[in-house]
Amino acid sequence: MFVVFLRFSGDKGKAGQFMQAHNAWIQRGVDDGVFLVVGSLLPNAGGAIVAYNTTLADLQQRVTSDPFVEHGVVSPEVLEIKPNRTDQRLSFLLAG
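What counts and how
- Residues numbered from 1 in each chain as written.
- Predicted model: local features only at pLDDT ≥ 70, side-chain atom pairs only at ≥ 80, totals over all residues.
- Heavy atoms only, no water.
- Helix = DSSP H or I, 4+ residues; strand = E, 2+ residues; numbered from the N terminus.
- Buried < 20%, exposed > 50% of the residue type's maximum accessible area, 1.4 Å probe, protein only.
- 1 Å grid on protein atoms, 1.4 Å probe; cavity = no way out; pocket = protein on both sides within 12 Å on 5 of 7 lines; lining within 4 Å.
- Points joined across faces, edges and corners; volume = space filled by probe spheres on them.
- Nonpolar A, V, L, I, M, F, W, Y, C, P; charged D, E, K, R; others polar.

*Asks:* How would you explain unusual backbone geometry if you had to name every residue and give the values?
*Replies:* For the bond running from leucine 42 to proline 43, omega is -5°, close enough to zero to count as cis. Relative to the helices and strands, proline 43 resides in the loop between β2 (35-41) and β3 (46-51). Unlike most non-glycine residues, asparagine 44 shows phi in positive territory, near 50°. With respect to the helices and strands, asparagine 44 occurs in the loop between β2 and β3. For asparagine 44, a relative accessible area of 53% gives the class exposed.

Shown next, in the form of structure tokens:
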């Protein structure tokens, strides 16, 4: 399991130009079953993604293909988490 932070960079002003492509990239991640949760970092600091069902190498490749990353709108950080305990509703995370 992974957490991806996409923190706005100095080129944050370019976000509007690439928002449609960035949203399509997010939807592909959800459709592929890799992105479990996608949301905003508050206040207006960027975004975060909880990813599952992928390898670190594949996720890093996916993240670098985000138009926001490609055009310097955000700086990515990928952290790997090994879940040891979960709420019963998230127990599937322990098998991964």
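*Asks:* For the layout of surface pockets, give the residues involved together with the corresponding values.
*Replies:* Within this model, the largest pocket holds a volume of roughly 230 Å³. Residue lining of the largest pocket: 20 residues in total, with His22, Gly39, Ser40, Gly46 and Gly47 positioned closest to the centre. If you list the elements that add at least two residues to the lining of the largest pocket, you get β1 (2-8), α1 (15-31), β2 and β3. By residue number, the principal contributor to the lining of the largest pocket is α1, which donates five residues. A per-class count over the lining of the largest pocket returns 13 nonpolar, seven polar and no charged.

Just geometry here; none of it tells us what the structure is for.
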